[in-house]
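# Fold and geometry: a report
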Amino acid sequence: MIKMFSLKQNCWFIRKVVIWRAVASIAWSVLLLPVTSAVFVLLSRFSLFHPIQWISECTSLLTASSTIFSLVVLCGVVLITGLFNLEFYTLVPSIPCSRMALLGTVLHPRQCVHSLVYCTMGMLVMWCASVTIGGRYSTLGIPCKQSESGEVVTCLNEYHLFLLLAGAFMGYSHSFLGVVKNMYYVSFQPIQQYKYPRFKGCLPMVVKCSVIQSLYSARNFAALYFFFGYVPKTWISSTLHLQIDSSLQPLDSLTGLLDFSLLYHLSISGTFLYFTWYLTVLLFRIYVTEAYSFPVQSTFTEDAEQCLPKVLAETNTLVMKFLALQDLALLSQHSLSRRLEVFSLSQPGGHPHNWNAISRECMSLLSELTQRLLAHQDAVASNGRVKSQSASIDTRSASSSSSGTEDVSETPRLSVPLRTPGSVFTSSVGGMHSALTAPFTPDVDSPFSSPAIRRLVGQQEPRSPWFGTVQSPHIMRRGPKLWSASTESQSNGSPPASPATVPSPPAANQKPSFLAQWLQNRREQLPEASSQALFADSQAHIWALQGLSHLVAASFSEDQFGVVQTTLPSILSCLVVLLEAVDRHFKLPHASSKPVRTVCSMGDSTYKTLRFALRAALKTAIYKITTTFGEHLNAVNISTEHRKRLQQFLEFKE
């Protein structure tokens, strides 16, 4: 009963923080819609040589019933866009590490529904734009006279159709780029700002991106309509029983598309469409990533689920965990009173529950990242064949026993790790379908996969010689390894892996088909993307490093009960082991290459440099501790290797 009550309290707390922020962003998007619509009316009716007539027409149009109805339709579009932002947003970007993974994401049924909805919304926005522009764009059917009989009939208005199809094309482009450029990835700003200054600073970028994307889409759609425009024109005219006016120049010709007025209104309407969507995305990002202050401890039991140590352990809602880590990093640097609450003892009992919970969760995050890097390095060392879990554990346990200190694997770990793009682990620790490999590992058990697809992707029986391998024989016979897994294992004192864990060569009669090999080659990993995917959720680790290091440094003068000193050896060992794993990763090919600078886009690409930010934050955290404690670290019980590495920081040689 108590557990159910706690769960209800937690759900209510999440709704209060996350959903209400999303509602506030949607409300502001709707409130700003009349302003953007008025600007669009002024630009669409612009007349340089008749300014008075231009202003009077715009004033009468803004109060017309058609404009009010268009605003109602646009409000519905904004509402659906805001709901899609709430449904599809992610704090860990999706990084396809192969062409097949990207193709599978684009063709996923959920993404197809998303594209269909945005095509429909694009047509609705363009319909509102065509009604607002008026003139030859106002309606789909226009009266015309037949050349033979002179009878007045209803003909297809190709200008109106052109704008509607352009809206559908732009809607699909927005949906497609949302996948390719991670439009729904929400990143937290390293420097916190209030909502209005941040909105004011990002507004010119939104306008610029809207204009650029509108011009690109207008160019691409014009080229597409030039080659295939007759198909929808013929189909719609025959379906709606509309005649085609042969006296007018068709738009699927070079002379028809070279119409400055048409291209201008297409670009202005596309800019209005993209700006409406981008503005909703921007406001959602600003509201969701706003800093939230969690109480460190609570007097009442019913409020315990809202305290910082409890929210840090949240595994169901990742945004709450990120907000808690952000709050931890802020309080560790800027709030003396809250730091004293972290260092306080419980009454009665005198136990440092707050510090134990916070430090345990931070070290769990860092340990999980260390294990992830080690698994990736093992995969690269074996040219795609990952060592078994038992062999990896034996290797690290032997290393820790030889050094005489506590290994990082002994620190508490998360029961459910952060959801990280796991296509960099084709069969990492935890098996093929672990939480790390969930996003991009092909789900052959899905109801959308047929038995033929299961055979093509190579799903084998446990007794098959191919069971346990992740590469084809052509890929397994690659060049020299970067380092030998067996040599590393023997040097650490652990026995080599048993023959059962080593993949045997396939029998001649069980050689995979050509199509299966082709699919496997398409699933090969991209080195740069694999490195980015490893550190896709590293913003959480950066906050954990900042919060942990600043709290440890502050404990030198503020910890009256010495609660930090009991865990200081484990913290230092955890940081040094992570630093060694990070340094080893940056020695891999393509790991230290800088990402290519992209053109203006609303897709957030900050995740591409997270590995560099993490390495800098890790070294800064160690420097923060070593410069604060100085020679006092010689009294801390850590291994000789770790002490030598810390000495490099004490001498400022790192």
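Residues numbered from 1 in each chain as written. Predicted model: local features only at pLDDT ≥ 70, side-chain atom pairs only at ≥ 80, totals over all residues. Heavy atoms only, no water.

### Quick look at helix H23 (residues 610–629)
Worth spelling out the cut-off: Strands here mean DSSP runs of E at least two residues long; helices mean DSSP runs of H or I at least four residues long; both are numbered from the N terminus. Take the number of residues in a helix, subtract one, and multiply by 1.5 Å to get its expected span. Think of it in three bands: with a 1.4 Å probe and only protein chains considered, a residue is buried below 20% of the maximum accessible area for its type, exposed above 50%, and partly exposed in between.
Here H23 is 20 residues long and its end C-alpha atoms lie 28 Å apart, about the 28 Å a rise of 1.5 Å per residue gives. Listing the buried residues of H23 in full gives Leu610, Arg611, Phe612, Leu614, Ala617, Leu618, Ala621, Ile622, Tyr623, Ile625, Thr626 and Phe629. Just downstream of H23 lies Gly630, where phi reads positive at about 60°.

### Observations regarding the state of the cysteines
For clarity, the threshold we go by: Note on terminology: disulfide denotes any pair of cysteine sulfur atoms within 2.5 Å.
Considering all chains together, one arrives at one disulfide under this definition. With its sulfur 1.6 Å from that of its partner, Cys144 forms a disulfide with Cys155. Across the disulfide from Cys144 to Cys155, rotation about the S-S bond amounts to roughly 45°, and the bridge is consequently right-handed. With Cys144 in strand S1 (residues 141–145) and Cys155 in strand S2 (residues 152–156), this pair connects stretches of sequence that are eleven residues apart. Cys155 matches Cys144 in its accessibility class, with the two residues each being buried. There is no disulfide at Cys128, and the cysteine sulfur nearest it, in Cys75, is 10.0 Å away. In this structure Cys362 is not part of a disulfide, and its nearest cysteine sulfur, from Cys574, lies 9.6 Å away. Overall, the relative accessible area of 1% leaves Cys362 in the buried class.

### Some remarks on the packing of aromatic side chains
Quick note on the threshold: Here the aromatic set is Phe, Tyr and Trp, taking the six-membered ring for Trp, and pairing holds for ring centres within 6.5 Å; pairs whose planes are under 30 degrees apart are stacked, those over 60 apart are edge-to-face, and all others are tilted. Working rule: Lys NZ or Arg CZ, within 6 Å of ring centre, within 35 degrees of ring normal, means a charge sits over the ring.
Using the criterion set out here, one finds 28 aromatic pairs in the structure. Ring geometry for Phe162 versus Tyr225: centroids 5.1 Å apart, planes at 85°, classification edge-to-face. In this pair, Phe162 is assigned in helix H6 (residues 158–180) and Tyr225 in helix H7 (residues 195–228), connecting sequence segments 63 residues apart. Accessibility assignment for this pair places Phe162 and Tyr225 in one class, buried. For the pair Phe556 and Phe629, a centre-to-centre distance of 5.2 Å together with 75° between the ring planes defines the contact as edge-to-face. Here the residue Phe556 occupies a position in helix H21 (residues 538–558), and Phe629 occupies one in helix H23, the gap between them amounting to 73 residues. Given the relative accessible area of 44%, Phe556 is considered partly exposed. Classification of Phe629 as buried rests on a relative accessible area of 6%. In this structure an aromatic cluster arises from ring pairing among Phe84, Phe88, Tyr118, Tyr184, Tyr274, Trp277 and Tyr278. The ring of Tyr159 has Arg136 lying over it, and the distance from NZ or CZ to the ring centre is 4.2 Å. The cationic tip of Arg615 hangs over the ring face of Phe586; the distance from NZ or CZ to the ring centre is 4.0 Å.

These figures capture arrangement, not role.
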